[in-house]
Amino acid sequence: MRIDIITVLPELLKSPFEASILKRAIEAGLVEVHFHNLRDYATGGYKSVDDTQFGGGAGMVMTIAPIDKCISKLQKERHYDDIIYMTPDGEQLNQSIANQTSLKENIIILCGHYKGVDQRVRDKFITREISIGDYVLSGGELGAAVLCDSVIRLIPGVLGNETSALTDSFQDNLLAPPIYTKPREYDGMKVPEVLFSGNFGEIEKWREEQAYKRTKERRPDLLKD
Ligand code: ADE
C-alpha cells in the first residue's frame with residue numbers, strides 16, 4: 001500500500017511514523033508513506049496556500065491551485081483508489097472504514113487547515129471525507145495520523161501475530177474482553193479460573209460472553225446492527 005499525505009505541516013505528521021508498529025511496517029516495505037508540503041506547490045513570493053473567504057467571514061480558506069497542482073502531479077504517476085479529505089464534517093472514522101481503507105493500493109490524504117479548503121477542491125478531487133470525532137482540531141494532520149495508524153496495522157504482515165488485529169475491539173462490532181497476565185494473584189485480586197482450565201472451548205466462550213457484557217454496558221449502540 002502507498003499513502004501520500006498532503007499537508008502544510010509535514011513536520012507535525014512525521015513522528016508517528018518513526019516509532020513502533022508503523023516504523024516497522026514501513027521498514028518491512030509493507031507500506032510506503034510520502035509527505036508532500038503544499039507550500040512547494042504554491043506560487044508567489046509568500047508561497048501562500050490560503051486566502052480570505054468570498055462573502056466575508058472569519059478565517060482563511062485553502063486555495064485550490066496548489067492542491068490541484070499537487071494532486072494532479074500524483075495522479076499522473078499512478079492511479080489512486082481514494083482521495084481522502086480530513087475534516088470534522090466528514091463521516092466518522094470507525095473500524096469498518098479502517099478495514100475498507102486497508103484494502104486499497106494507493107490513497108491520498110489531504111489535511112485541511114484554517115477554515116478548510118475551497119469547496120471546489122472537494123467537488124473536483126475528494127472521494128471520501130473522514131472525521132476522527134465530533135470536535136475541531138487545528139488541522140487534519142493529527143486525524144491523518146490516527147487514520148493511518150488504524151489502517152496500517154490491518155495490512156497483512158504488519159502485526160506479528162496475525163490473529164491479534166482480529167481480536168481487537170470493534171472487529172465484530174464488540175469491545176474486547178478483559179485480559180490478564182502474570183501474576184496469577186495481585187493484592188488479593190485473582191485472575192478468573194477459567195483462563196487456567198486449558199479448555200480452549202470454555203475459554204473462548206467466556207471471552208465471548210465477557211465481550212458481549214462489556215459492549216452491552218458501555219456501547220449498547222454497537223449491538224443494534
Ligand atoms: N480537522 C479538524 N478537525 C478534524 C476532525 N475532527 N477530524 C478530522 N479532521 C479534522
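Analysis parameters
- Residues numbered from 1 in each chain as written.
- Predicted model: local features only at pLDDT ≥ 70, side-chain atom pairs only at ≥ 80, totals over all residues.
- Heavy atoms only, no water.
- Domains from an automatic or database assignment.
- Helix = DSSP H or I, 4+ residues; strand = E, 2+ residues; numbered from the N terminus.
- Expected span 1.5 Å × (residues − 1).
- Buried < 20%, exposed > 50% of the residue type's maximum accessible area, 1.4 Å probe, protein only.
- Arc of directions from axis to C-beta.
- Polar contact = N/O pair within 3.5 Å; in protein donor to acceptor, adjacent residues only side chain to side chain.
- 1 Å grid on protein atoms, 1.4 Å probe; cavity = no way out; pocket = protein on both sides within 12 Å on 5 of 7 lines; lining within 4 Å.
- Points joined across faces, edges and corners; volume = space filled by probe spheres on them.
- Nonpolar A, V, L, I, M, F, W, Y, C, P; charged D, E, K, R; others polar.
- Pairing = 2+ DSSP bridges.
- Axes fitted to C-alpha atoms, helices over the stretch in contact; angles between N-to-C directions.
- Contact = heavy atoms within 4.5 Å.
- Phe/Tyr/Trp six-rings, centres within 6.5 Å; stacked < 30°, edge-to-face > 60°.
- Lys NZ or Arg CZ within 6 Å of the ring centre and 35° of its normal.
- Salt bridge = Lys/Arg side-chain N within 4 Å of Asp/Glu carboxyl O.
- Near = heavy atom within 4 Å.
- Areas by Shrake-Rupley, 256 points an atom, 1.4 Å probe, with all protein chains shown as cover.

1. Comments concerning the domain arrangement of the protein
Interface size is commonly expressed as the accessible area that is lost once the parts come together.
Thought 1: If you check the domain split of the protein, you get domain 1 (2–152) and domain 2 (167–224).
Thought 2: Domain 1 and domain 2 are separated by 37 Å when their C-alpha centres are compared.

2. Here we look at helix H8 (residues 200–218)
Thought 1: Counted at 1.5 Å a residue, the expected span for H8 with its 19 residues is 27 Å, and the 26 Å between its end C-alpha atoms agrees.
Thought 2: For H8, the complete set of buried residues consists of Ile203, Trp206, Gln210, Ala211 and Thr215. The buried residues of H8 all sit within an arc of 165° when viewed along its axis, so they share a single face. In this structure, H8 carries Glu208 and Lys216 as exposed residues pointing more than 90 degrees from its buried face.
Thought 3: Its side-chain oxygen placed 3.2 Å from the backbone nitrogen of Gly201, Asn199 serves as the N-cap of H8.

3. Overview of the layout of surface pockets
Thought 1: Its volume calculated, the largest pocket comes out at about 410 Å³.
Thought 2: If you trace the largest pocket, you find 14 residues lining it, with Thr167, Asp168, Ala176, Pro177 and Arg207 closest to the centre.
Thought 3: Here the lining of the largest pocket takes four residues from H8, the largest share from any one element.
Thought 4: Its residues placed into classes, the lining of the largest pocket shows seven nonpolar, two polar and five charged.

4. Structural notes on the sheet that holds strand S6 (residues 106–111)
Thought 1: Read from one edge of the open sheet, five strands run S2-S1-S6-S5-S7, paired in parallel fashion. One side of each edge strand has no neighbouring strand; the edge strands of this open sheet are strand S2 (32–37) and strand S7 (128–131). On average, each strand axis in the sheet is tilted by 30° relative to the strand beside it, whichever way the strands run.
Thought 2: Note: strand S5 (residues 82–92) against S6, five bridges, orientation parallel. The partner of Met86 across the bridge, within S6, is Cys111.
Thought 3: Across the face of the sheet, helix H6 (residues 141–152) comes into contact with strand S1 (2–7), S2, S5, S6 and S7 while running at roughly 155° to S6.

5. Considerations on the packing of aromatic side chains
Aromatic ring pairs are defined here through the distance separating the ring centres and the angle between the ring planes.
Thought 1: Overall, the coordinates contain one aromatic pair when judged by the stated rule.
Thought 2: Seen in terms of ring centroids, Phe17 and Phe35 are 5.6 Å apart; in terms of plane orientation they differ by 70°. Their pairing is edge-to-face. Of this pair, Phe17 sits in the loop between helix H1 (10–14) and helix H2 (20–27) while Phe35 sits in strand S2, and the two are 18 residues apart along the sequence.
Thought 3: Assessed through its relative accessible area of 5%, Phe17 is described here as buried.
Thought 4: Overall, the relative accessible area of 25% leaves Phe35 in the partly exposed class.
Thought 5: Positioned above the aromatic ring of Phe196, the side-chain terminus of Arg184 is 3.5 Å from the ring centre.

6. Quick look at the pattern of salt bridges
When charged atoms on two side chains of opposite charge get close, those side chains can pair.
Thought 1: Inspection of the entire model under this criterion finds 16 salt bridges.
Thought 2: Here Glu91 and Arg128 are joined by a salt bridge, their closest N and O atoms 2.6 Å apart. One end of the pair, Glu91, is in strand S5; the other, Arg128, is in strand S7, and 37 residues separate them in sequence.
Thought 3: Arg128 sits in the buried class, given a relative accessible area of 14%.
Thought 4: A cluster of three or more residues bridged by salt bridges with shared partners is formed by Arg2, Asp4 and Glu32.

7. Digging into the site of the ligand
Thought 1: Contacts to the ligand come from Met86, Thr87, Pro88, Ile130, Ser131, Ile132, Gly133, Tyr135, Val136, Leu137, Gly139 and Gly140.
Thought 2: Measuring from a nitrogen atom of the ligand, one finds a backbone N or O atom of Thr87 at 3.3 Å.
Thought 3: Between the ligand and the protein, one listed contact pairs a nitrogen atom with a backbone N or O atom of Ile132 at 2.9 Å.
Thought 4: Look at the ligand: alone it shows 260 Å² of surface, and the protein chains cover 96% of it.
Thought 5: Among the elements that take part in the shell around the ligand, S5 stands out by supplying three residues, more than any other.
Thought 6: Residues that form the shell around the ligand fall into these classes: seven nonpolar, five polar and no charged.

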